[in-house]
Structure formats: structure tokens, C-alpha cells
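Chain residues, written in single-letter form:
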Amino acid sequence: MIFRPDWSEFQDFKRYVEFMESLGAHRHGIAKVIPPKQWTPRKASYEDDDVMNMVIPVPLCQNVQGKQGVYLQHNTEMKPMKVAKLKKLANSSDYKTPLHFDYADLERKYWKNIVYKCPIYGADVSGSITDNDVDVWNINKLGTILDYISEDYGIKIDGVNTAYLYFGMWKTTFPWHTEDMDLYSINYLHEGSPKSWYAIPPEHGRRFERLANSLFPADFLSCPAYLRHKMSVISPQVLAKNSIPFDKITQEKGEIIITFPYGYHAGFNHGFNIAESTNFASGRWIEYGKRAQLCKCRKNIVKFNMDTFVRREQSDKYELWLKGNDIGCHPEDPSHRMYPAPKC
């Protein structure tokens, strides 16, 4: 679904997300928002030194291996690099976007060439390039209940309750995943080439997981939550062959993408671009967060205590939850399997 709020509707972020969900946007797992023309998240040029001289601490060389629409992506960490250098590389003959007729043609070229020539992704760069005085839809200060983490625990989690920047080039990829703790996410494409997204409706998330488990059996055996490692790449042709419903949408400069709780998504960049994103939460998310399947084999996987959310927003369940007696099912579990929500 694509939303075009006017300036009045755009003023209240929380209310507009609720409006989107009232029309069923969350059932798709993803939605596009085209902001009103009055909204200017950054007045200065993206060529200014504060952007071009920004250092990408750990650029990632993305090596994709596999065949027939099923791939594993391994990232090799590179030395720090300035954004200006990454942009120059992205526009060089070695890395530039191939000639194409339209988005569909470029998508075919992406899947045909995914295992060749490792692109370099400036991903997960802590910071924001949105002007501080922007008080509506400012990714670095959305004002949702996710702020309880900093208010009650006094902690900042980079890219979760603070903004991350992403500097892409042709063929840089984000593999299939849901957000940390199955949160919402917001992504604004500040500048540059488009970004293609694929998404699984949350109600089909368990079916998608079963397909992925059959395609990556060794990973599944080693970690039941291996999709949180963000290494698994599955083509839309494989999804279609296995009757997994999915949506795809292209995000262009100046557009916003929202992903919803437990919405699996993946995608790739069409060329050099600059995006800013973070996570956010709502009362509806809490049941997802309480029952999210978490990776236990990696230290860098984001986990946080749900106590403040249950205590503040689900006070009627708080004592039961503390005692391990908060019985229920995952909101998107078609089997409706009942179990106590773990006290994280």
C-alpha cells in the first residue's frame, strides 16, 4: 500500500501509523509513505562535507554464494572509508549500475549477477543527517514507546532507538530478516538511486520460515533463529514456486518505507544512495516482542528486557508475566499454539 498524507495528516507520526494499520497496511508487512512537499528533512546539500567526509567505520564487502535462487551472503569487513570514496567507487566502471530499460529489467540483472563482483556496503553507520529542528517524522526522535528503553534503562541501542545511516551501491543487499525483537522499522531514502524491497505478509511468516529451514538446514540446526544473522538470500522465483505470498516495491529518493512487526523483508540497492533508518514500537507490537524468537549464538544480536513495556502498557498481565504464567500465542502463529511468554 502507498500512502500520500497531506501536511495536516503528517503532523502526528503515531496517529498516522495507526491510520495506516486501520486500512490493513500491516497485513502486507510493508508500506510506502510519500511525504508532503512541505516536509524537508535536510536543507543542506548531500554533497556537503558533513556527509561526504563522514567515515564509514566498517564497510562490508558482500560475497554471495549459491545457485538457483538460494544464496548465502558472507560479509568481509574492510578498512574505514569516507563516504566520498564509496560514492566514487560506486560510480566507477567496476561497480556502477548496468544499463537497463526499467526496474523489472534491473531486477533481472540483479538476480542474474548476484554472485559476481562483490559490492561494498556502508551499512549500520551510527548517526543522522536529518536537521535537528525537524519535529515531525524525524527518524532520530520519533517519540514512540520504544523510548521507554532510554527512559527506564538509560541505554541507547545503535540503529534501534537511535538512527543508522546506510550508504549503498549497485547490488548491495539486505538479506531476509525481521527487525530486532520483531519491531517496526522506518527507512527514508535521502538521496541517490532507488532501493528495491521484497516483503512477506506477517500472517505467512511461519510458512516462509519453514521454506527457509528446508533450504538452509545446516543453519537451522545450528541456530533456530539463524535468519537473524542476515545471511539468507532467497529469490522471488523460489518464493513463487513454493507458493509463498510476497510483495515487492521500489523506494525512490524522498520516499519512506515502513516495515511492520514480524514482517520479513529483503532487498537491494540500484546504485549509490543514502538512507536513514531506525526502529519504533507501538502497543500492538508488545505481544510480538514478548514472543519473538531470538538468536542465542551471537553476541551482537539485539535483545532487551520487555519488563518496562509489559508493566506500562499491559499492567493487567504484568504479574502473570513475571511468574511465567502469561499464556498466549504468537500473534501470527497459524497453529495458535499456546505457551507462556518468556521473561526476557
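Procedures and definitions
- Residues numbered from 1 in each chain as written.
- Predicted model: local features only at pLDDT ≥ 70, side-chain atom pairs only at ≥ 80, totals over all residues.
- Heavy atoms only, no water.
- Salt bridge = Lys/Arg side-chain N within 4 Å of Asp/Glu carboxyl O.
- Helix = DSSP H or I, 4+ residues; strand = E, 2+ residues; numbered from the N terminus.
- Buried < 20%, exposed > 50% of the residue type's maximum accessible area, 1.4 Å probe, protein only.
- Pairing = 2+ DSSP bridges.
- Axes fitted to C-alpha atoms, helices over the stretch in contact; angles between N-to-C directions.
- Contact = heavy atoms within 4.5 Å.
- UniProt positions renumbered as here; feature names shortened; annotations may be inferred.
- Polar contact = N/O pair within 3.5 Å; in protein donor to acceptor, adjacent residues only side chain to side chain.

**Remarks on the pattern of salt bridges**
Within this structure, the stated rule accounts for 22 salt bridges. Notably, a salt bridge pairs Arg 42 with Asp 50, separated by 2.9 Å at the nearest N-O pair. Two residues, Asp 105 and Lys 109, come together in a salt bridge whose shortest N-O distance is 3.2 Å. Of this pair, Asp 105 and Lys 109 are both found in helix α4 (residues 103-112), four residues apart, which corresponds to roughly one turn of the helix. According to the relative accessible area criterion, Asp 105 is buried, its value standing at 7%. Here Lys 109 falls in the partly exposed class, since its relative accessible area comes to 24%. By sharing partners, the salt bridges in this structure join Glu 151, Asp 152, Asp 307, Arg 311 and Arg 312 into a single network.

**Examining the sheet that holds strand β14 (residues 256-259)**
The strand order across the open sheet built from 10 strands is β1-β2-β14-β10-β16-β8-β7-β4-β5-β12, with neighbouring strands paired in mixed fashion. One side of each edge strand has no neighbouring strand; the edge strands of this open sheet are β1 (2-3) and β12 (232-234). The sheet contact formed by strand β4 (residues 60-67) and strand β7 (residues 120-126) spans two bridges and is antiparallel. Bridge pairing in β7 places Cys 61 opposite Ile 120.

**A word on the sheet that holds strand β13 (residues 247-251)**
Read from one edge to the other, the open sheet built from four strands follows the order β9-β15-β11-β13, with strand pairing classed as antiparallel. Looking along the sheet, the strands with just one partner apiece sit at the ends: β9 (173-177) and β13. Across the sheet, the mean angle from the axis of one strand to that of its neighbour is 15°, orientation sign disregarded. Relative to strand β15 (residues 265-269), strand β11 (residues 195-199) runs antiparallel, the two being bridged by five bridges. Counterpart to Ser 196 in the pairing with β15 is Phe 268. Where α4 meets the sheet, its contacts fall on β9, β11, β13 and β15, and the angle it forms with β15 comes to roughly 100°.

**A closer look at the UniProt feature "domain: JmjN" (unreviewed entry) in the chain**
The sites that carry the UniProt feature "domain: JmjN" (unreviewed entry) are, in the present numbering, residues 1-42. Helix makes up 24% of residues 1-42 and strand 14%, with an end-to-end C-alpha separation of 26 Å.

**Let's talk about the pairing of strand β10 (residues 184-192)**
The buried fraction of β10 amounts to seven of the nine residues, a majority that puts the element mostly inside the structure. Summarising the sheet, β10 and strand β16 (residues 273-280) pair through eight bridges and their orientation is antiparallel. Bridge pairing links Glu 191 to Ile 274 in β16. Taken together, the four bridges between β10 and β14 define a ladder with antiparallel strand orientation. Residue Asn 187 lies in a different strand from β14, and its bridge partner there is Ile 257.

**Considering the side chain of Glu 276**
Within the secondary structure layout, Glu 276 lies in strand β16. Engagement of the side chain of Glu 276 in a polar contact is seen with the side chain of Thr 130, the distance being 3.1 Å. Ignoring any residue separated from it by four or fewer positions in sequence, one finds Glu 276 in contact with Ser 128, Ile 129, Thr 130, Ile 139, Asn 140, Ala 163, Tyr 164, Leu 165, Ile 186, Asn 187, Tyr 188 and His 190.

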